Amino acid sequence: MTIVLPSAEIISKAADFLRGGELVAFPTETVYGLGGDATQDSAVEKIYAAKGRPSFNPLIVHVGAREWVAGIAEPDGRFDKLARTFWPGPLTLVMHRRSDSPISKIISAGRDTVAVRMPDHDVAREILKATRRPLAAPSANRSGFVSPTSAQHVLDGLDTKPALIIDGGQCRVGVESTVLDLTQHIPAILRPGSITREQIEAAIGEVTIGIMDPTAPKAPGQLLSHYAPGLPVRLNVTSPEPGEAFIGFGPLKGSHTLSMAGDLDEAAANLFAALRAADNLTLYKGIAVAPIPETGIGVAINDRLRRAAAPRNTTSV
Ligand code: TXA
Ligand code: MG
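Residues numbered from 1 in each chain as written. Chains lettered and ligands numbered in written order. Predicted model: local features only at pLDDT ≥ 70, side-chain atom pairs only at ≥ 80, totals over all residues. Heavy atoms only, no water.

Visitor: For this particular structure, what's the right way to read the packing of helix α3 (residues 77-86) against helix α7 (residues 197-204)?
Guide: Packed helices, taken two at a time, are described by the angle between their axes plus the distance between the axes. Look at α3 against α7: their axes get within 9 Å of each other, and the N-to-C directions meet at 125°. Taken together, the axis directions place α3 and α7 in an arrangement best described as oblique. The chirality of how α3 crosses α7 is right-handed. In this structure, α3 uses Arg78, Lys81, Leu82, Thr85 and Phe86 to contact α7, whose residues at the interface are Gln199, Ile200, Ala203 and Ile204. (Axes fitted to C-alpha atoms, helices over the stretch in contact; angles between N-to-C directions. Helix = DSSP H or I, 4+ residues; strand = E, 2+ residues; numbered from the N terminus. Parallel < 35°, antiparallel > 145°, perpendicular 65-115°, else oblique. Left-handed = near helix turned anticlockwise from the far one by under 90°. Contact = heavy atoms within 4.5 Å.)

Okay, here's the thing in structure tokens:
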């Protein structure tokens, strides 16, 4: 059994595995990550293989401190402002790579940019500190499926098991980090998350929403079908059909309810576990989801739900 609880001994074991080029799944505040040493091509290749991830979809590099970024990318004043305001935390910043960056080129999938974030979770930070290497860590699920918010989700979802799966309980945020592209004159949000457009604009001024172009995606996570359960998904449903699982919100109670209190943070934390539980082909014929307000983290929840509901033949990642 590869699921273990965190301890000083496990953290040092994880660091040994990572420095040796093995993969370790660990909790972050958003979702569980499948970590590998970002400076070793072979470790990064193992991540792509374990996820079945297309090689054109770049990975996020996780750092243990803001200062690590100077050796990896070309941070500017906007980076300083954002990192001071939101790190550690669920904000990923896309910047130009340094020409002598030690980060494996495979991570950038042919681009001259690199995405970096500093996670806000004790286990992730202790692993980074003990490894003393930047870690590539995509969500620890098969490409195109629902991200894991518990250690059991990781174990259930990956055919190729990592050397260790460290159990840090349920992830606090529950949806993946906001991805912001700082390489453009006006920075663009490529993936909405719990750090909102309004919060970012309060720190650095105007930002835009990245344009989705499925043929040349800036963040291939933008491709429409993603987070896809096996059953068909219908959105903005107030009365489900017989045989449908119903993911409720607020007063609309369902077989699975995201937040009875109508709290969007609670709903985000429960979202992926609810999608997994509702995706039961022996119990249900489809999944219906109650309307979720398009405010705050609700923007990220609705983004993931629209991808879960998108026609599967548009799946590219
Ligand atoms: O919350 C998170 O960000 C989680 C935890 C584990 O940290 N990680 C995560 O990684 O969601 P992943 O690989 O599942 O999603 C990374 C997203 C993808 O949409 C990818 O296309 C985008 O970030 N991305 C990575 N590098 C990029 C780059 N250089 N330019 C544009 N987009 C990039
Ligand atoms: Mg992912």
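From this point, things continue past the structure.
Visitor: What exactly am I supposed to notice about the pattern of salt bridges here?
Guide: A side chain with one charge can pair with a side chain of the opposite charge if their charged atoms come near. Under the counting rule described, the total for this entry stands at 12 salt bridges. A salt bridge links Arg197 to Glu201, with the shortest nitrogen-to-oxygen separation between them at 3.5 Å. Here the residue Arg197 and the residue Glu201 both occupy positions in helix α7, the gap between them amounting to 4 residues, near one helical turn. You can call Arg197 partly exposed: its relative accessible area is 33%. A salt bridge links Arg304 to Asp303; the nearest nitrogen and oxygen atoms lie 2.7 Å apart. Judged by relative accessible area, which is 0%, Arg304 ranks as buried. (Salt bridge = Lys/Arg side-chain N within 4 Å of Asp/Glu carboxyl O. Buried < 20%, exposed > 50% of the residue type's maximum accessible area, 1.4 Å probe, protein only.)

Visitor: Explanation requested: the sheet that holds strand β12 (residues 233-234) in the structure shown.
Guide: Within a sheet, adjacent strands bond to each other through the backbone by hydrogen bonds, running parallel or antiparallel. Spatially, β12-β15-β13-β14 is the arrangement adopted by the 4 strands of the open sheet, whose pairing is parallel. Each of the sheet's edge strands pairs with one partner strand only, and the pair in question is β12 and β14 (256-257). Of the strands in this sheet, β13 (244-248), β14 and β15 (286-289) touch helix α8 (residues 264-278), which is tilted by about 165° from β13. (Pairing = 2+ DSSP bridges.)

Visitor: Explanation requested: the sheet that holds strand β11 (residues 208-209) in the structure shown.
Guide: Sheet architecture is open: 11 strands sit in the order β1-β8-β2-β3-β7-β4-β6-β5-β9-β10-β11, paired in mixed fashion. Strands with a single pairing partner mark the edges of an open sheet, and in this sheet they are β1 (3-4) and β11. As judged from the 4 bridges shared by strand β5 (residues 91-96) and strand β9 (residues 178-181), these two strands associate in the parallel manner. Counted as the bridge partner of Leu91 is Thr178 from β9.

Visitor: Which parts of the structure should I look at to understand α3?
Guide: Because the α-helix completes a turn every 3.6 residues, residues three or four places apart line up on one side. For α3, the complete set of buried residues consists of Phe79, Leu82, Ala83 and Phe86. Looking straight down α3, one finds that the buried residues subtend no more than 95° of arc, so they occupy a single side. In α3, those exposed residues whose orientation departs by more than 90 degrees from the buried face are Gly77 and Arg84. Those residues of α3 that are buried are in contact with β5, β9 and α7. Between a side-chain oxygen at the N-terminus of α3 and the backbone nitrogen of Arg78 the separation is 3.1 Å; the capping residue is Asp76. (Arc of directions from axis to C-beta. Polar contact = N/O pair within 3.5 Å; in protein donor to acceptor, adjacent residues only side chain to side chain.)

Visitor: Looking at this structure, how should I read the pairing of β9?
Guide: For a regular strand, side-chain orientation follows a simple rule: the groups alternate between the two sheet faces. Taking every second residue as pointing to the same face, both faces of β9 are buried, with Thr178 and Leu180 on one and Val179 and Asp181 on the other. Counted along the chain from β9 to the antiparallel partner strand β10 (residues 188-191), the turn is 6 residues long.

Visitor: For this particular structure, what's the right way to read the domain arrangement of the protein chain?
Guide: Parsing the protein chain into structural domains produces domain 1 (3-209) and domain 2 (233-309). The distance between the C-alpha centroids of domain 1 and domain 2 comes to 26 Å. On the domain 1 side of the contact with domain 2, Val146, Val175 and Pro192 bury the most area, a combined 39% of that side's loss. Here domain 1 and domain 2 share 1 salt bridge between them. In this structure, Glu176 engages Arg304 in a salt bridge whose closest nitrogen and oxygen atoms are separated by 2.8 Å. Across the contact surface, domain 1 and domain 2 share 5 residue pairs in polar contact (both at pLDDT 80 or more). Class assignment of the residues belonging to the side of domain 1 that touches domain 2 gives a composition of 7 nonpolar, 9 polar and 3 charged. (Domains from an automatic or database assignment. Buried area = accessible area lost by both parts, 1.4 Å probe. Nonpolar A, V, L, I, M, F, W, Y, C, P; charged D, E, K, R; others polar.)

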